[in-house]
Structures are given as structure tokens and as C-alpha cells.
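Below, each chain spelled out in residue letters.
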Amino acid sequence: MTDAEHGLDKAIRAIKIGVDVSEQEALDRELDRFMKWLKPMLAVDTAETKQVLVSHGVVNVLREDCARQGGLAELQEAAPDFAGGFYLVPPIIE
Amino acid sequence: MELRKISIRQAAETVNSGEVTAEGLIEKTLESCSILNEGLNIFTQIAGIDALEQAKAIDRKIEKGEKLPLAGVPVTVKDDLCYGVLPTGFGSPAFKEFFSPYTATAVERLMDAGAIVVGKTNLDDMSMGSTTASSPDGPTINPWDPERTAGSAGAAAVATGICMLALESDSGGALRQGASHCGVIGLRPTAGQVSRYGLNTFCSSFGQVGVTAISGENVITALEVIAGFDERDASTAVCKERAAGAGTAVDTEGLRIGYPAAAFDHLEPGLREVFEQAREQYSAAGFECIDLELPLLPEALQAYYVISLAESSSNHSRFDGIRFGAVEEAGDLEELYSKSRGSILGREARRRSIFGTHLLSQGSYDLYYRQALRVWNLVRREFAAALGQCDLLMLPAAKTLPGRAAAEADFLDAWTEDLFCAPVSLTGLPSLCLPAGQAGKFPVGLQLIGRPFSEGIMAAVCDRMIREIELFPYGIS
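Residues numbered from 1 in each chain as written. Chains lettered and ligands numbered in written order. Predicted model: local features only at pLDDT ≥ 70, side-chain atom pairs only at ≥ 80, totals over all residues. Heavy atoms only, no water.

**Details of the overall build of chain B**
Logical step 1: Counting its regular elements, chain B contains 15 helices and 13 strands.
Logical step 2: A compact globule built from 477 residues would reach a C-alpha radius of gyration of about 23 Å, and chain B, at 21 Å, matches this within 12%.
Logical step 3: Across its three principal axes, chain B shows a C-alpha extent of roughly 65 × 55 × 45 Å.
Logical step 4: Counting only residues that meet the buried cut, chain B has 65% of its 477 residues in that class. (Helix = DSSP H or I, 4+ residues; strand = E, 2+ residues; numbered from the N terminus. Rg over C-alpha atoms; globule rule 2.2 N^0.38 Å. Buried < 20%, exposed > 50% of the residue type's maximum accessible area, 1.4 Å probe, protein only.)

See below:
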């Protein structure tokens with residue numbers, strides 16, 4: 001089994017895509033060609049180069065915090081009922 | 001009213017003034033859509049009654065005194081953009097009947113401005129490709145030659161004059177190569193100019209929404225409508241810090257255009273001459289054409305494929321028959337995933353997803369993926385340095401003439417067609433494709449690449465050169 005075949009088999013199992021035998025054989029050959037085609041990119045000297053993850057500058061787009069008065073009573077509005085200092089939960093049915 | 005002979009603004013004015021009704025305009029457009037679709041396979045869906053209802057609604061608004069910038073303008077929408085009114089197929093048979101619960105921001109903005117969606121256009125398998133050759137519905141035929149593919153269905157729609165505007169997507173060059181092969185104008189805007197909310201892109205880093213039309217003025221009119229911050233797409237935050245759109249009117253006198261002569265060696269025989277002639281024409285028109293180099297184009301293309309395939313592996317994992325897509329009958333969960341994914345994704349999407357998974361696996365990740373991220377950085381720097389020497393860069397859009405519709409291209413040959421477009425996608429820079437000349441009977445397009453948010457300059461140069469070269473009208477009758 002070549003490196004490409006081994007890698008392909010692993011990739012197909014990992015991504016869980018159904019392919020028949022003839023397609024898998026074709027993909028074996030294609031993956032081998034593809035990996036060879038990438039060789040010039042590996043030869044580029046990037047020793048002093050950082051990785052990037054975006055094509056353009058990105059700024060924080062989180063909405064501005066909007067503060068308001070709250071309180072324990074408001075927070076507990078959505079909470080389960082409580083009694084005697086404990087929240088009441090449904091009984092466990094065995 | 002012949003749509004190819006007037007601008008979008010003029011068409012909207014005739015509708016706004018009541019000279020023509022939107023309903024009348026769309027009725028005629030829909031007739032042309034049906035007739036031309038039989039031969040060219042442009043549409044996955046023609047809007048029919050829905051488009052007429054939209055048109056009537058626009059007419060009612062105008063009767064009440066509203067003026068809309070795109071009143072009654074017929075547009076097509078590529079079928080990877082969600083549109084709640086028609087099924088959104090993503091280029092997969094599994095989504096033929098899928099109605100998106102929401103509409104993409106760009107489509108919504110066009111409609112709010114009065115444009116009418118007349119249909120959804122054909123695309124490659126899960127939008128993976130630049131030819132429509134892998135579409136489950138078969139390729140869109142080039143209006144210039146029935147034996148060839150169009151590149152993009154939206155470009156074919158604009159070239160035939162059945163619509164004024166096509167809303168499209170572009171990752172590695174589908175929009176730009178389509179414009180090149182059909183002899184129309186295609187704009188891939190600056191990354192972040194246009195919201196991608198509602199776009200099903202296979203690679204999040206490079207997929208953009210763009211427009212195709214018959215002139216630079218028309219693409220800019222559309223860009224002004226669809227550009228701008230959208231809180232549902234974080235990448236549009238760049239528009240928070242500056243006004244979105246094309247900017248103010250520009251003077252094109254004395255602009256310097258960078259010409260990377262060595263890059264043109266990669267072209268199919270016979271095409272180089274078209275660009276040499278284009279260079280002479282641009283010089284004669286008063287532009288200063290300067291020589292420069294972009295030596296990393298081939299490696300940039302390889303980096304694009306490593307990153308985009310890795311992202312497609314991740315993005316397509318949600319199409320598993322449970323979260324999205326039709327579920328197949330199976331004996332257990334593993335088999336269910338495998339069978340469902342196998343049927344949702346076509347041959348090309350399966351290939352890219354599997355290769356992408358391989359690239360992300362142990363052993364490949366450090367060697368290939370990380371290296372691709374570093375090459376991406378170098379490519380960005382290379383283009384920035386080139387644009388430090390000139391105002392615009394000139395590159396071809398396609399390596400070859402459009403492919404034969406009946407022939408199945410080798411996958412690697414098809415991928416290397418993106419040699420001139422994919423590297424630009426890595427930079428996030430705007431790119432406008434316009435006709436450069438002809439090779440035989442085929443139009444050949446060139447890309448003008450500018451600095452971020454320089455779409456207005458590129459469009460002004462485009463319209464000036466169209467007048468100077470007198471290549472138009474390029475539409476097909």
C-alpha cells in the first residue's frame with residue numbers, strides 16, 4: 001500500500017463518505033498525483049514567515065456590552081421553584 | 001426596452017417614472033428566460049409567478065411615490081445563495097426541494113432596492129468548480145459556442161441579455177472566469193465588502209459574493225446596494241471603519257498598470273497575443289504600463305487548494321443526513337453517515353472533502369497545511385508589494401478558452417485553470433474581469449486587481465477601455 005493509498009483509506013474512514021471500489025481506486029491515483037503536484041509549494045522558503053488565517057484585516061465585531069440594572073429576583077425568574085433554600089427538581093422515576 | 005443597451009440606473013428610472021411597469025418588464029424577461037434556458041441550461045429554477053408578484057409589489061410602491069434604485073431590474077441569483085422563495089439546491093440533488101428558511105443578505109438588499117429575482121442559476125457540484133461542468137443538471141452552455149461551457153451561468157444570463165445583473169459567488173475564480181468566457185464584466189469585491197450571510201461556500205476563507213453585468217457602471221450600481229456592514233457576517237466589520245461601496249468618482253488619467261509578463265507564459269498558445277495587444281491598447285489610452293513580477297502564482301494556487309480543500313472537509317461535515325441533507329436508510333449510524341454523505345456530495349465534492357481530510361490528518365497537517373498558511377502570507381505580501389509600484393495589476397482570468405461541454409476534464413487540469421484567479425482570492429483584494437479582446441470567436445477577459453476598496457477605479461478604467469477598444473456590444477443576440 002502506498003502512502004497515498006494508506007492516507008486515502010484513513011481519510012475516507014475519518015470523514016465517513018461512502019465511495020465504491022472503482023471510485024476509491026481512481027481517488028488513490030488522483031491523490032497521489034495531487035500530493036506530487038504540491039511539491040513546489042513545499043519548496044518555498046517560509047522559514048521567516050508567519051502563518052496567516054485571514055485574507056484581510058479583521059476587527060472585533062462583538063456587540064457593545066449593554067449594561068442595565070438587574071437583581072437576584074430577576075435572575076431567578078426563570079429558575080425552578082425552590083423551597084427551604086433548595087431548588088425543586090422532578091423526582092427520579094426508577 | 002432592450003436591456004443590453006441601457007444601464008441599470010436608466011432601467012430603474014424608466015420604471016420609477018412609470019414609463020414602463022416592473023410587471024411588464026419582468027413578464028418579457030421571464031419569456032426570454034424560458035426560451036434561452038432550453039438551449040443554454042442557465043437556470044436551476046425560473047421564478048415565474050413569484051417574480052411577477054414581486055414586480056407587482058414594486059409597481060404598487062412606485063404608484064405610492066417611492067423611488068427605488070433598482071426598480072424592476074431583473075437579476076439572477078446563483079443557486080448557492082439562500083433565497084426563501086425558490087428552492088436552494090447548492091448544486092446537489094439532495095437539496096432539490098430545499099427551501100431555505102431565510103434569504104441571503106445580498107439578495108435581500110437587492111430586493112429591498114427594487115430588483116426582481118427571475119431565477120436561480122446553475123452551478124458546479126456544491127459550488128466546487130469554475131465551469132459548471134460538475135453540476136448535477138449538466139453544464140451551462142456558452143452563448144458564444146454551443147460546444148463549450150459558459151464558466152458561470154450568471155455570466156451566460158448577462159451575455160444573452162435576459163437579465164441585467166447576476167449575483168454570484170467566487171472562491172477560486174468561478175465568477176471571473178465566467179465573465180471572461182462570456183465577454184461580460186464580473187466583479188469580485190474587496191473581502192468584507194459584501195455580506196456572505198446565506199452563502200453556502202465550501203471554503204470560508206475565500207468565498208465572496210460578487211456581481212456580473214454588462215458594464216463597470218452597472219456592477220458598481222449593484223455593489224453600492226449590496227455592500228456594507230452586516231452583523232450576521234463578522235467579515236463585513238471592515239465596512240464599520242470606512243464607508244462601504246465604490247467610493248467617489250475617480251479620475252483614471254495617468255494610472256499605472258502593473259504587467260507581470262512572465263505570468264502570461266502559463267497561457268494556452270494563442271492567448272498571450274491577446275494580452276500583449278491589450279497592453280498596447282492600455283498604453284495608447286494613456287495608462288503607464290510597468291513591468292513587474294509575481295513569481296509565486298503557481299505556489300499560491302497550490303496553497304489555495306490545500307486550504308480550500310481542508311475547509312471543504314470541515315464545512316461539508318454538516319451534510320450528513322442528520323443535520324442537513326437527505327438521510328439514507330442504513331443498518332447503523334456509521335453506515336447512515338457514509339451512505340448519506342456519499343449521496344449528498346457529488347463526485348467533485350467527495351474528492352475535495354476526502355483530499356481535504358487527508359491534508360488535515362496527522363503527518364500532512366504540519367507539512368502541507370501549515371506551509372500553505374505561510375505561503376498565503378507570502379502571496380499577500382507579494383501582491384501588496386506589486387501594488388506599491390502601480391495602481392492596478394493586470395492578469396488573465398483564465399488559462400485557456402472555455403472547455404468542451406461534452407468532455408470530462410481531468411481534475412488537476414480543471415484546478416489549474418484557477419492559476420490567475422485563486423492567488424488573488426488569497427489576498428482579499430478586489431478584482432474586476434473585463435474583456436481584453438478575442439481569440440478566434442471567443443471573448444478573452446483580463447482581471448484588473450486593485451487595492452482594497454478600489455472597485456470604483458477599476459470600474460471607471462473598465463468602462464473607459466470598453467469605449468476605447470470598441471469591443472462592445474458583447475452580448476449575444
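Having seen the model, we can carry on.
**Some details on the interface of chain B and chain A**
Logical step 1: Each side of the interface is counted separately: chain B has 59 residues, and chain A has 40 residues.
Logical step 2: Across the chain B to chain A interface the summed buried area is about 4500 Å²; carbon plus sulfur atoms make up 66%.
Logical step 3: Our count for the chain B to chain A interface comes out at 14 residue pairs in polar contact (both at pLDDT 80 or more).
Logical step 4: Elements represented by at least two residues in the side of chain B that touches chain A include exactly α9 (297-315), α10 (333-344), α11 (347-359), α12 (365-389), α13 (411-416) and α14 (422-427) of chain B.
Logical step 5: It is α12 of chain B that provides the largest number of residues to the side of chain B that touches chain A, a total of 13 residues. (Contact = heavy atoms within 4.5 Å. Buried area = accessible area lost by both parts, 1.4 Å probe. Polar contact = N/O pair within 3.5 Å; in protein donor to acceptor, adjacent residues only side chain to side chain.)

**Thoughts on the pattern of salt bridges**
Logical step 1: The full count for this structure, using the stated rule, is 31 salt bridges over all chains.
Logical step 2: With a closest N to O distance of 2.7 Å, Arg-352 of chain B and Glu-348 of chain B form a salt bridge. With Arg-352 of chain B and Glu-348 of chain B both in helix α11 and four residues apart, the pair spans about one turn of that helix.
Logical step 3: Here Arg-352 of chain B falls in the buried class, since its relative accessible area comes to 2%.
Logical step 4: Glu-348 of chain B sits in the buried class, given a relative accessible area of 11%.
Logical step 5: Residues joined in a network through salt bridges with shared partners are Glu-23 and Glu-30 of chain A together with Arg-347, Glu-348, Arg-350, Arg-351 and Arg-352 of chain B. (Salt bridge = Lys/Arg side-chain N within 4 Å of Asp/Glu carboxyl O.)

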